[in-house]
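# Notes for the structure review
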Amino acid sequence: MKKVLMTLALVLIASGAFAQKEDFAARRAEWTQKRAEQLVKNMKLTDEDEGWFKALYIEYQDSLNALRDALRPETQPEEVNGMREMKQFSDEEAQQMLLNQFNMEEKQVAVKRAYYEKFSTRLTPKQMMLVFMGPAMNRGGQNGQRGGEGFRRGGFGPGFGGPGFGPGRF
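Okay, so let's go over this structure.

Cut-offs applied
- Residues numbered from 1 in each chain as written.
- Predicted model: local features only at pLDDT ≥ 70, side-chain atom pairs only at ≥ 80, totals over all residues.
- Heavy atoms only, no water.
- 1 Å grid on protein atoms, 1.4 Å probe; cavity = no way out; pocket = protein on both sides within 12 Å on 5 of 7 lines; lining within 4 Å.
- Points joined across faces, edges and corners; volume = space filled by probe spheres on them.
- Helix = DSSP H or I, 4+ residues; strand = E, 2+ residues; numbered from the N terminus.
- Nonpolar A, V, L, I, M, F, W, Y, C, P; charged D, E, K, R; others polar.
- Axes fitted to C-alpha atoms, helices over the stretch in contact; angles between N-to-C directions.
- Parallel < 35°, antiparallel > 145°, perpendicular 65-115°, else oblique.
- Left-handed = near helix turned anticlockwise from the far one by under 90°.
- Contact = heavy atoms within 4.5 Å.
- Salt bridge = Lys/Arg side-chain N within 4 Å of Asp/Glu carboxyl O.
- Buried < 20%, exposed > 50% of the residue type's maximum accessible area, 1.4 Å probe, protein only.
- Patch = residues over 30% accessible without salt bridge, like charges linked within 9 Å, V, L, I, M, F, W, Y side chains within 5 Å.
- Areas by Shrake-Rupley, 256 points an atom, 1.4 Å probe, with all protein chains shown as cover.
- Phe/Tyr/Trp six-rings, centres within 6.5 Å; stacked < 30°, edge-to-face > 60°.
- Arc of directions from axis to C-beta.

## Side note on the layout of surface pockets
- What the second largest pocket holds in volume is close to 220 Å³.
- At the level of secondary structure, the elements contributing two or more residues to the lining of the second largest pocket comprise helix 1 (2–43), helix 2 (47–71) and helix 4 (125–133).
- With six residues, the top contributor of residues to the lining of the second largest pocket is helix 2.
- Looking at the lining of the second largest pocket, its residues break down into eight nonpolar, four polar and four charged.

The structure is reproduced here in structure tokens:
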């Protein structure tokens, strides 16, 4: 009886973990779709370019996500107050983690360069900035002025508070 209960418990735990992975994948796909739609809107693409862009953008994000998933180590250091706990790793393990991180970043850059070439066939350089530099490039306020996002409020260096790359800036 104990074996049956233990087996049943393991099956339930395993199925719960599988469902979480499926939920994560679905949420990731939904986020990518919404991000593609927002970029289309902000870049004011034509109907013809919209279909091309969405398909290519989703392919690009899927490529990056597959790379991240494939290169992610099975054991991540634990988070303690927002910081990874490093005491549990030997110097050799820490060094290997760093080298793996560099390897992953190099492969991500290679993917980004390949998709840069594809996007550049129909997008302007400013539009590509929105694709590759992320949501921070698209936080324009009135008259294209940036402002009001967290630490970017004051005069914290060149470019902060200046002209943004929001809608209508192309």
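Text resumes after the structure shown.
## Digging into the packing of helix 3 (residues 91–119) against helix 4
- In the contact formed by helix 3 and helix 4, the axes pass within 11 Å of each other and the chain directions differ by 150°. Looking at the two axes, helix 3 sits roughly antiparallel to helix 4. Helix-helix and strand crossings are classified by hand; for helix 3 and helix 4 the assignment is right-handed. Along its contact with helix 3, which presents Lys112, Tyr115, Tyr116 and Phe119, the element helix 4 presents Met128, Val131 and Phe132.

## Some words on the pattern of salt bridges
- Across all of its chains, the model carries six salt bridges by this definition.
- When the shortest N-O distance is used, the salt bridge between Arg122 and Glu48 registers 3.1 Å. With Arg122 in the loop between helix 3 and helix 4 and Glu48 in helix 2, this residue pair connects regions lying 74 residues apart in the sequence.
- Judged by relative accessible area, which is 31%, Arg122 ranks as partly exposed.
- The salt bridge involving Lys118 is made with Glu59; its shortest N-O contact spans 3.5 Å. Residue Lys118 is found in helix 3, and its partner Glu59 is found in helix 2; the two are separated by 59 residues along the sequence.
- A relative accessible area of 36% means that Glu59 is categorised as partly exposed.
- Three or more residues are tied together by salt bridges with common partners; here these are Glu48, Asp49 and Arg122.

## A few points about a nonpolar patch on the surface
- Among the surface-exposed residues, Leu98, Leu99 and Phe102 lie close enough to one another that they form a single nonpolar patch of about 300 Å² accessible area.
- Structurally, Leu99 is set in helix 3.
- According to the relative accessible area criterion, Leu99 is partly exposed, its value standing at 45%.

## Topic: the packing of aromatic side chains
- One pass over the structure, following the stated rule, counts nine aromatic pairs.
- Centroid distance Trp52 to Phe119: 6.2 Å. Interplanar angle 80°. Geometry classified as edge-to-face. Of this pair, Trp52 sits in helix 2 while Phe119 sits in helix 3, and the two are 67 residues apart along the sequence.
- Geometrically, the ring pair formed by Tyr60 and Phe132 is edge-to-face, given 5.4 Å between the ring centres and 70° between the ring planes. Remark: Phe132 occurs in helix 4 and Tyr60 occurs in helix 2; sequence separation between them is 72 residues.
- A relative accessible area of 2% places Tyr60 in the buried class.
- Among the aromatic residues, those joined into a cluster by ring pairs are Trp52, Phe53, Tyr57, Tyr60, Tyr115, Tyr116, Phe119 and Phe132.

## Description of helix 4
- Those residues of helix 4 that sit buried are Gln127, Met128, Leu130 and Val131. An end-on view of helix 4 places all buried positions within 150° of arc, on one side of the element. The exposed residues of helix 4 that point more than 90 degrees off its buried face are Pro125 and Met133.
- A positive backbone phi angle near 85° is found at Gly134, which sits one or two residues after helix 4.

In short, geometric facts, not functional conclusions.
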